[in-house]
Amino acid sequence: MANGKFHLPTGRLIALAIVAGMTAGAIGVYVMGAPSGNNAQVAAAPDENAAACAAKAELAVTVGEAARGEVAAMMAASPPQSLTTLAFNAPDGAPMTVADLSGKTLLINLWATWCAPCRHEMPALNQLQKDMGSDAFEVVAVNVDTGGDEKPRAFLDETGVDALGYYRDSTLGLFNELKRRGLALGLPVTLLVDADGCLLANMNGPAEWASPDAKRLIEAAM
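Figured I'd write up the structure that's included with this text. (Residues numbered from 1 in each chain as written. Predicted model: local features only at pLDDT ≥ 70, side-chain atom pairs only at ≥ 80, totals over all residues. Heavy atoms only, no water.)

**Structural notes on the overall build of the protein**
For the protein, the count of helices and strands is eight helices and eight strands. Looking at the protein as a whole, 50% of its 222 residues are labelled buried. Intrachain contacts of the protein at a sequence separation of at least 6 include 77% that bridge at least 24 residues. With the model as given, the accessible surface of the protein reaches about 9,600 Å², and the carbon-plus-sulfur share is 55%. (Helix = DSSP H or I, 4+ residues; strand = E, 2+ residues; numbered from the N terminus. Buried < 20%, exposed > 50% of the residue type's maximum accessible area, 1.4 Å probe, protein only. Contact = heavy atoms within 4.5 Å. Areas by Shrake-Rupley, 256 points an atom, 1.4 Å probe, with all protein chains shown as cover.)

**A look at the state of the cysteines**
Applying the stated criterion to the full structure yields two disulfides. Across the disulfide from Cys53 sits Cys198; the S-S distance is 2.0 Å. The S-S bond linking Cys53 to Cys198 shows a torsion near -75 degrees; that makes this disulfide left-handed. Of this pair, Cys53 sits in helix H3 (residues 50-54) while Cys198 sits in the loop between strand S7 (189-193) and strand S8 (199-204), and the two are 145 residues apart along the sequence. The same class applies to Cys53 as to Cys198, namely buried. Covalently, Cys115 is tied to Cys118 through a disulfide, its sulfur atoms 2.3 Å apart. Residues Cys115 and Cys118 are joined by a disulfide whose S-S torsion is about 80 degrees; by sign, that bridge is right-handed. Cys118 sits in the buried class, given a relative accessible area of 0%. (Disulfide = S-S within 2.5 Å.)

Here it is as structure tokens:
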């Protein structure tokens, strides 16, 4: 850690990405099947923003070109798609969708307590929120553990995460919907979404989210 910010060496990130790939094989068995919970209903609903998002191909390319260095694994959406109907629970426990966060650029990250790469990158996501979080940008870290809240909350305490909202989906519906769309292979999975709820870029595996490279990527999306 330097200057109060977390940094993962590139070599370690490569190793963690390999672990993430191995995790993908395990989670593929764990979450196979149709979307469940709130997402099963939301995924079936038509999304009126689909056409508007598809028209943002040029912006997605620009964002993809900004994905360098520590975030080079971030891939431009081709074409951009609407994520406004993705459902999970808000920090207060109430059901919500991505549409409820419209007006903000979002870095949506799915994580779980048993995911080793997640443990390594959560402090960096926390730092990114501290450095860039505002009315215009938010890191939306969604926990996808099944069961109760005890383990996820303990995980956040253990890793010193204090700036991220406690977003949650214990149904696996969110992960399954992203898997159905070809966006999720394992954990962590990260989505860069614009203020209209349009996916601009995505990646599977960890990254150094508190790095200057990551901040330049976010700025390109904003």
